[in-house]
Amino acid sequence: MSPATELDDAPTVIAPGDPLLEGTRLRDYEITGLLHEGGFSIVYRAWDQALQRHVALKEYLPASMASRDDNGKAVAIRSEHHVDTFAIGLRSFLDEARLLARFDHASLVKVYRFWEDNGTAYMAMPFYEGPLLERALADLGRVPGEAELRAWLKPVLNAVTVLHEAGVWHQNIGPDEIVLTPTGPVLLGLASAGHAIEAVQRAPAAALKRGYAAIEQYGGVAGAALGPWTDLYALAAVVHSAITGAPPPPAPDRLVNDGQQPLAQ
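Residues numbered from 1 in each chain as written. Predicted model: local features only at pLDDT ≥ 70, side-chain atom pairs only at ≥ 80, totals over all residues. Heavy atoms only, no water.

**Section: the overall build of the protein**
To be explicit about the condition: We count a stretch as a helix when DSSP gives it H or I for four or more residues in a row; a strand needs E for two or more, and each element gets its number in order from the N terminus. This radius of gyration counts C-alpha atoms alone. The globule rule is 2.2 Å times how many residues there are, raised to the power 0.38. Residue exposure (1.4 Å probe, protein chains only): buried if accessible area is under 20% of the type maximum, exposed if over 50%, otherwise partly exposed. By definition, residues are in contact when any of their heavy atoms lie within 4.5 Å. With residues, only the protein chains shown are counted as cover, and all accessible areas are computed by Shrake-Rupley using a 1.4 Å probe.
The helix and strand inventory of the protein stands at six helices and ten strands. For the protein, whose C-alpha radius of gyration is 20 Å, the value lies close to the compact-globule estimate of 18 Å for 265 residues. Dimensions of the protein, computed from the C-alpha atoms along their principal axes, are close to 60 × 45 × 35 Å. Scored against the burial criterion, the 265 residues of the protein give a buried share of 44%. Contacts spanning at least 24 positions in sequence make up 53% of the contacts within the protein whose residues lie at least 6 apart. When the accessible surface of the protein is totalled, it reaches about 13,600 Å², and 53% of it is carbon and sulfur.

Structural data, given as structure tokens:
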């Protein structure tokens with residue numbers, strides 16, 4: 001029997017842009033709940049009917065340019081003006097899924113399956129039990145000790161190394177992208193669709209994590225190329241946030257007038 005919550009018999013009206021309803025079937029998966037709704041995608045908890053397991057199901061749905069169709073499942077682009085940009089984001093979403101499906105590292109999010117349907121695309125991933133690092137630090141109520149920091153930092157560094165050895169830069173690292181599972185931390189996805197869409201709209205900074213994004217991610221800085229150092233800056237900012245309770249100032253602000261106090265002080 002599926003663990004999906006039973007739906008009421010009364011019909012439900014779907015508002016434009018709403019998440020999929022519990023009980024909705026997408027291939028072998030049945031939606032059982034909503035995990036996260038962002039500007040470019042929606043993540044659901046789902047039940048894999050074929051393999052009898054919970055998964056996280058991510059749907060590409062940039063809210064600024066697309067919404068749910070009248071049938072409650074398909075995605076419709078709001079305007080012809082958005083067609084090309086929507087397609088670029090969709091391609092980046094699928095490219096990210098294809099990339100992550102190649103890797104098999106305990107601390108890097110795994111993609112089981114990805115496909116296009118209903119005018120959009122989906123990726124199925126493991127359902128990770130545990131809080132995000134952001135929430136865990138807030139609930140801790142104190143500065144974490146060195147052993148605690150090392151326990152999550154080392155596995156994440158190893159996961160990032162796997163990406164870097166393949167010539168891939170994550171570019172989306174932050175305390176809200178690391179989930180602390182019972183078996184160790186897991187680094188979540190790359191937000192490729194968001195970055196691609198904002199680049200087309202000539203607003204790359206809009207998709208960046210303030211305080212965690214390195215200066216080269218903002219563009220327009222002479223000689224500032226992306227590389228492994230880009231992700232290491234973000235990880236250092238995560239450590240800074242864990243120790244001080246706040247990330248460093250945004251990189252462009254530091255470039256103009258860096259008043260950042262060294263942690264040793």
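The structure having been displayed, the exposition proceeds.
**Describing the packing of helix α1 (residues 83–102) against helix α4 (residues 192–200)**
Keep this limit in mind: Helix axes are fitted only over the stretch in contact, all axes being lines through C-alpha atoms; the angle between N-to-C directions runs from 0 to 180 degrees. Roughly parallel here means an angle under 35 degrees, roughly antiparallel means over 145, roughly perpendicular means 65 to 115, and every remaining angle is called oblique. Throughout, a crossing is termed right-handed when the near helix is turned clockwise from the far one, and left-handed when it is turned anticlockwise from it by less than a right angle.
Between α1 and α4, the shortest axis-to-axis distance is 7 Å and the interhelical angle comes to 150 degrees. Judged by the angle between their axes, α1 and α4 are roughly antiparallel. Judged by the sense of rotation from one axis to the other, the crossing of α1 with α4 is right-handed. For the pair α1 and α4, contact is made by T85, I88, G89, S92, F93 and E96 and by S192, A193, A196, I197 and V200, respectively.

**A look at the confidence of the model for the protein**
Defined as follows: On a range of 0 to 100, pLDDT expresses the predictor's confidence in each residue.
Confidence in the prediction of the protein, expressed as mean pLDDT, is 87, and 90% of residues score 70 or more. Low pLDDT (under 50) marks residues 1–17, which in the prediction has 24 contacts with non-local residues, meaning those over four places away or in another chain.

**Comments concerning the pairing of strand β3 (residues 41–48)**
Note the cut-off: Paired strands, in this sense, are two strands between which DSSP finds at least two bridges.
With seven of eight residues buried, β3 lies mostly within the body of the structure. Where strand β2 (residues 29–37) and β3 come together, seven bridges link them in antiparallel fashion. The residue of β3 that forms the bridge with L34 is Y44. The hairpin turn running from β2 into β3, its antiparallel successor, is three residues long. Note that β3 and strand β4 (residues 53–60) share eight bridges and pair antiparallel. Across the sheet, residue V43 finds its bridge partner in β4, namely K58. Joining the antiparallel neighbours β3 and β4 is a turn of four residues, in which Q52 adopts a positive phi near 55 degrees.

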